[in-house]
Amino acid sequence: MKIRRLSAAVAVAASGALLFSACTSPAGNDDPAEGESTATSAAADGPCKADLGEVTTADGEIKVSNEVEFLGYNSNTPETYSTYNSAVTDRLFSGFWYWGVDGTICPDETYGTYEALSEDPLQVQYTLNDEAAWSDGTPVTYADYLLDWATQAVTEDGKVTDDATETPLFNHVSGLTLGDYVPEGPQADSPDAKTFTYDYERVYADWRIQVNSPFPAHVVAEQAGVSTEELVTAIQDLDLDVLKKAAEFWNKGWLSQPGEVPDPAIAPVSGPYDFKADGWEAGQYITLEPNDAYWGTPPAIKELTFRIVGADAQIQALANGDLDGINPNGPTVDTITQLEQLGDAVTVETGSTLTWEHLDFNFKSGIFSDSLEAREAFALCVPRQKIVDDLIKPIDPEAVVMNAREVFPFQDSYEDTVSGSYDGRYDEVDLDAAKEKFEAAGLKEGEEVRIGYAAPNPRRAAEVEAIKSSCDQVGFEIVDAAAPDFFDKTLPNGDYEVALFAWQGSGQIASGENIYSTPGQQNYGGYSDETVDEAWKTLASTTDEAVHAEQVVIIEKQLWDTLYGIPLFAHPGVIASSSSLENVRATAAQGGIVWNAEQWIRAS
């Protein structure tokens, strides 16, 4: 078995260095046999995808782990927005950029290009590849991006406004963010234009990643009973009669029933993969196959299957050959030991990631909703250091308790951010102080605290067990409320006192605004604070790094002082793949093991 580790602190300090090292082997130069891939094994010299040269798709199947049932073609609703669903859908869509292994924004010029024509005022021009098209043959055009803008701009009353209290017409996870920054929408000469511009009313810190992969406007138009041109006009005129029909389909029409492959008539794709017609067995797997209409480099291997296997069963499935690649969510102390036992049959990569574990309070209901003292009592009894020492350091010896949310311990700005925002008050368990806060909050012995998380997850079960061992001494009754449907039911419905899950980070600057601000689409617990809201607005409206750093300190301090929740640790990353696979590369960003799956090949 090959195991490589790289210090995250060293990796981030190096310009363009990877947070993970890649294991590769040389490829032969013989002509391929029929059904054999011409792709080569290539060592990447940066964080983006390697250039494999000419690729011919080989017969065969790659099987990777995915712990949750596929939810639908549209991953941009709060109910479907998760790394599990995006692991599938990201293979189906092309875009202007993708995340490199260290959070670098990597351009995909096979799809198109973009540039800032001016910075003040900010105007960004996008140009699509002339060949970029949906799998049904319809070109990808300005119409698709105008619809993409509308889904993040139009209110249920048919307005475009910066009033955050307005209700969006479309159930987009980003709310009305894009309309706030680009109130007039993208501009082009015609609905079928391949070039269009976005004129920002004010600077947006993350403009480079604001626009990427759209959904097909021609499908939405047909479902709304109009032509694509009429849909474009309806969006430009804010015609609610048409837009309400479009939104009804966008919100619900792409949701899937388990086992029912989306109809290609309403779910065309623009990426290298498409749904296999009979490739979905509910609760078991979903299989993708090459998109025959794709204009770019085809997948190196014909079928990519996502098998639903819990973290606790993935290693055995890898050993049995039921999986070719795994990316266990929440690797435990035993993960590396078990992988070592598989010997040279597997290749393993470990390292730090841009994903972090946290405990979030429910501000909508329950004992923590309106009592800071109750939240403080809980925070004072959570054994953060013990959790890190027992569960994380055996995987990543450099792991530390995380005391920020927007900056990671291995990043250069971490120490300055923490020193300006947090005084260490919850670093160590203090049961006496916790009991005082418990009593001051008026809580009674045996107060039930349901800690919800997605099951099965052995490491989170161990985290809850450690919390229970400590916090029950204060007077709480900690209940392990793990559930398989945590993300699609428990979390959005608020059926918990404390939610235990992870946010997957990236190179984004202002993404946290959607989590902590009022009323952020991912602010599941209903937290609201004016200081935090204003700081996010200031941060998001500039590209000045000094202002970013200043506002992050303000945000972090207020989140600690009001106890939005409790950060725990940055996730250690572990991926393992069959040694017969080449070009598998770990990533610290949110793409997971399959971020470059179309490049994987079998060793000859």
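Counting of residues starts from 1 at the beginning of each chain's written sequence and follows it residue by residue. Predicted model: local features are reported for residues with pLDDT of at least 70 only, side-chain atom pairs are reported and counted for 80 or more only, and whole-chain, interface and lining totals are derived from all residues. Computation of side-chain values: all heavy atoms of the structure, hydrogens and water removed.

1. Section: the overall build of the protein
Here is step 1 of the chain: The helix and strand inventory of the protein stands at 18 helices and 18 strands.
Here is step 2 of the chain: Note on method: radius of gyration uses C-alpha positions; expected globular size equals 2.2 Å times residues raised to 0.38. For the protein, whose C-alpha radius of gyration is 24 Å, the value lies close to the compact-globule estimate of 25 Å for 604 residues.
Here is step 3 of the chain: Referenced to the eigenvectors of the C-alpha coordinate spread, the extents of the protein come out at roughly 70 × 60 × 45 Å.
Here is step 4 of the chain: Whether a residue is buried, partly exposed or exposed follows from its accessible area with a 1.4 Å probe, protein chains only, as a fraction of its type maximum: under 20%, in between, or over 50%, in that order. Each of the 604 residues in the protein was classed as buried or not, and the buried ones make up 55%.
Here is step 5 of the chain: When checking whether two residues touch, look at their non-hydrogen atoms; a contact exists if any pair is within 4.5 Å. Across the protein, every contact between residues at least 6 apart in sequence was considered, and the portion connecting residues at least 24 apart equals 69%. Segments assigned H or I by DSSP are reported as helices when at least four residues long, segments assigned E as strands when at least two residues long, and all are numbered from the N terminus.

2. Side note on the state of the cysteines
Here is step 1 of the chain: Any two cysteine sulfur atoms lying within 2.5 Å of each other are counted as a disulfide. Tallied over the entire structure, the rule returns 2 disulfides.
Here is step 2 of the chain: Sulfur-sulfur distance for the disulfide between Cys 48 and Cys 106 comes to 2.0 Å. For the disulfide bridge between Cys 48 and Cys 106, the dihedral angle about the S-S bond is near -90°, and by the sign convention the bridge is left-handed. Taken as a pair, Cys 48 in the loop between helix H1 (8-13) and strand E2 (58-66) and Cys 106 in strand E4 (residues 105-107) lie far apart in primary sequence, 58 residues in all.
Here is step 3 of the chain: Taking relative accessible area as the criterion, Cys 48 reaches 24% and is therefore assigned partly exposed.

3. Considerations on the side chain of Asp 396
Here is step 1 of the chain: Its location among the elements puts Asp 396 in the loop between helix H11 (384-392) and helix H12 (414-421).
Here is step 2 of the chain: Taking the relative accessible area as the measure of exposure, Asp 396 reaches 14% and is therefore buried.

4. Quick look at the sheet that holds strand E5 (residues 112-119)
Here is step 1 of the chain: At least two DSSP bridges between two strands are required for those strands to pair. The antiparallel open sheet is built from 3 strands, whose spatial order is E5-E6-E7. Taken across any chain shown, the strands that pair with only one partner, and hence form the sheet edges, are E5 and strand E7 (195-199). Pairwise comparison of adjacent strand axes, ignoring direction, gives a mean angle of 20° for this sheet.
Here is step 2 of the chain: Two elements, strand E6 (residues 122-128) and E7, share 5 bridges in a ladder whose sense is antiparallel. Looking at the pairing, Gln 123 lines up with Asp 199 of E7. Comment: axis = line fitted to C-alpha atoms, over the contacting stretch for helices; angle = value between 0 and 180 degrees taken between N-to-C directions.

5. Focus on the packing of aromatic side chains
Here is step 1 of the chain: Stacked, tilted and edge-to-face pairs are distinguished by plane angle, under 30 degrees for stacked and over 60 for edge-to-face with tilted covering the rest, among Phe, Tyr and Trp rings (Trp via its six-membered ring) whose centres lie within 6.5 Å. All chains considered together, the criterion is met by 45 aromatic pairs.
Here is step 2 of the chain: With a centroid separation of 6.2 Å and 45° between ring planes, the pair formed by Tyr 142 and Phe 196 is classed as tilted. Taken together, the residues span a long stretch of sequence, with Tyr 142 in helix H3 (residues 142-150) and Phe 196 in strand E7 at a distance of 54 residues.
Here is step 3 of the chain: Looking at Phe 196, the relative accessible area reads 1%, which means it is buried.
Here is step 4 of the chain: Where Phe 378 meets Phe 476, the ring centres are 6.0 Å apart and the plane angle is 85°; that geometry is what we call edge-to-face. Here the residue Phe 378 occupies a position in helix H10 (residues 372-381), and Phe 476 occupies one in strand E14 (residues 476-480), the gap between them amounting to 98 residues.
Here is step 5 of the chain: Overall, Phe 378 belongs to the buried group, its relative accessible area being 0%.
Here is step 6 of the chain: By way of ring pairs, the aromatic residues Phe 96, Tyr 111, Tyr 114, Tyr 126, Tyr 142, Tyr 145, Phe 196, Tyr 198, Trp 207, Tyr 294 and Trp 295 are connected into one cluster.

6. Things to note about the nonpolar core
Soluble, globular proteins show a tendency: their nonpolar side chains are buried together.
Here is step 1 of the chain: Leu 359, Phe 378, Ile 451 and Phe 476 are the most contacted members of the largest nonpolar core, which totals 151 residues.
Here is step 2 of the chain: The greatest single-element share of this core, amounting to 7 residues, is contributed by H3.
Here is step 3 of the chain: Residue contacts for Leu 359: discarding those within four places in its chain leaves Phe 378, Val 382, Ile 451, Ile 467, Val 498, Ala 499, Leu 500, Gly 565, Ile 566 and Leu 568.
Here is step 4 of the chain: With 13 residues, the next largest nonpolar core counts Ile 336, Leu 339, Val 346 and Ile 395 among its residues. Among buried residues, those of type Ala, Val, Leu, Ile, Met, Phe, Trp, Tyr and Cys that are joined through side-chain atoms within 4.5 Å constitute a nonpolar core.

7. Concerning the pattern of salt bridges
Here is step 1 of the chain: The salt bridge definition used is simple: a Lys or Arg side-chain nitrogen within 4 Å of an Asp or Glu carboxyl oxygen. Summed over all chains, the structure comprises 21 salt bridges.
Here is step 2 of the chain: Asp 324 is paired through a salt bridge with Lys 63; the nearest N and O atoms lie 3.6 Å apart. Within this pair, whereas Asp 324 is found in the loop between helix H8 (314-320) and strand E11 (325-326), its partner Lys 63 is found in strand E2, the two being separated by 261 residues in sequence. Neither Asp 324 nor Lys 63 differs from the other in exposure class; each is buried.
Here is step 3 of the chain: For Lys 159, the salt bridge goes to Glu 166, with nearest N and O atoms at 3.1 Å.
Here is step 4 of the chain: Its relative accessible area of 18% is what places Glu 166 among the buried residues.
Here is step 5 of the chain: Each of Asp 423, Arg 425, Lys 557 and Asp 561 takes part in one network of salt bridges that share partners.

8. Points about the packing of H10 against helix H13 (residues 431-440)
Here is step 1 of the chain: Running from N to C, H10 and H13 cross one another at 160°; their axes reach a closest spacing of 8 Å. The orientation of H10 relative to H13 falls into the category roughly antiparallel. Like other packed secondary-structure pairs, H10 and H13 cross with a definite hand, here left-handed. Counting all contacts with H10, which are made through Glu 373, Glu 376, Ala 377, Leu 380 and Cys 381, the residues of H13 involved are Leu 431, Ala 433, Ala 434, Lys 437, Phe 438 and Ala 440.
Here is step 2 of the chain: Gly falls in the polar group here, along with every residue not listed as nonpolar (Ala, Val, Leu, Ile, Met, Phe, Trp, Tyr, Cys, Pro) or charged (Asp, Glu, Lys, Arg). A breakdown of the residues in the contact of H10 with H13 according to their chemical character gives 8 nonpolar, no polar and 3 charged. Working definition: roughly parallel below 35 degrees, roughly antiparallel above 145 degrees, roughly perpendicular at 65 to 115 degrees, and oblique for all remaining angles. Crossing handedness is defined as follows: a turn of the near helix away from the far one that is anticlockwise and smaller than a right angle gives a left-handed crossing, while the clockwise case is right-handed.

9. Here's the deal with helix H9 (residues 333-340)
Within an α-helix, residues lying three or four positions from one another point in the same direction, as the helix has 3.6 residues per turn.
Here is step 1 of the chain: When H9 is considered as a whole, its buried residues turn out to be Thr 335, Ile 336 and Leu 339. For H9, the angular spread of buried residues about the axis comes to 90°, placing them on one side. By definition, the arc is the one covered by directions from the helix axis to the C-beta atoms.

10. Thoughts on the environment of Tyr 524
Here is step 1 of the chain: With respect to the element layout, Tyr 524 can be found in the loop between helix H16 (513-516) and helix H17 (530-540).
Here is step 2 of the chain: Using a relative accessible area of 15% as the deciding quantity, one classes Tyr 524 as buried.
Here is step 3 of the chain: Sequence-wise, Tyr 524 and His 548 are 24 residues apart; in three dimensions their C-alpha atoms are separated by 24 Å.
Here is step 4 of the chain: Not counting residues up to four positions away in its chain, the partners in contact with Tyr 524 are Pro 78, Lys 364, Leu 491, Tyr 496, Phe 501 and Trp 503.

11. Notes on the side chain of Asn 596
Here is step 1 of the chain: Within the element layout of this structure, Asn 596 appears in the loop between strand E17 (581-582) and strand E18 (601-602).
Here is step 2 of the chain: For Asn 596, the contacting residues outside a window of four places in its chain are Lys 49, Asn 583 and Arg 585.

12. Here we look at the confidence of the model for the protein
Here is step 1 of the chain: With 92% of its residues at a pLDDT of 70 or more, the protein shows a mean pLDDT of 90.
Here is step 2 of the chain: Per-residue confidence from the predictor is reported as pLDDT, a score between 0 and 100. Contacts of residues 1-33 to residues separated by more than four positions or lying in other chains number 76 contacts, the stretch itself having pLDDT below 50.

13. Quick look at the environment of Ala 247
Here is step 1 of the chain: Mapped onto the fold, Ala 247 is located in helix H7 (residues 240-252).
Here is step 2 of the chain: On the accessibility criterion, Ala 247 (2% relative accessible area) is buried.
Here is step 3 of the chain: C-alpha separation for the pair Ala 247 and Leu 169, spaced 78 residues apart in sequence, amounts to 6.5 Å.
Here is step 4 of the chain: Look past the residues within four positions of Ala 247 in its chain and what remains in contact with it is Leu 169 and Phe 170.

14. Topic: helix H6 (residues 228-237)
Here is step 1 of the chain: Listing the buried residues of H6 in full gives Thr 228, Leu 231, Val 232, Ala 234 and Ile 235. Across the axial projection of H6, the buried residues extend over an arc of 160°, all falling on one side.
Here is step 2 of the chain: Where the residues of H6 are buried, they touch H3, helix H5 (217-223) and H7.
Here is step 3 of the chain: Of the residues one or two after H6, Leu 238 is the one with positive phi, at around 55°.

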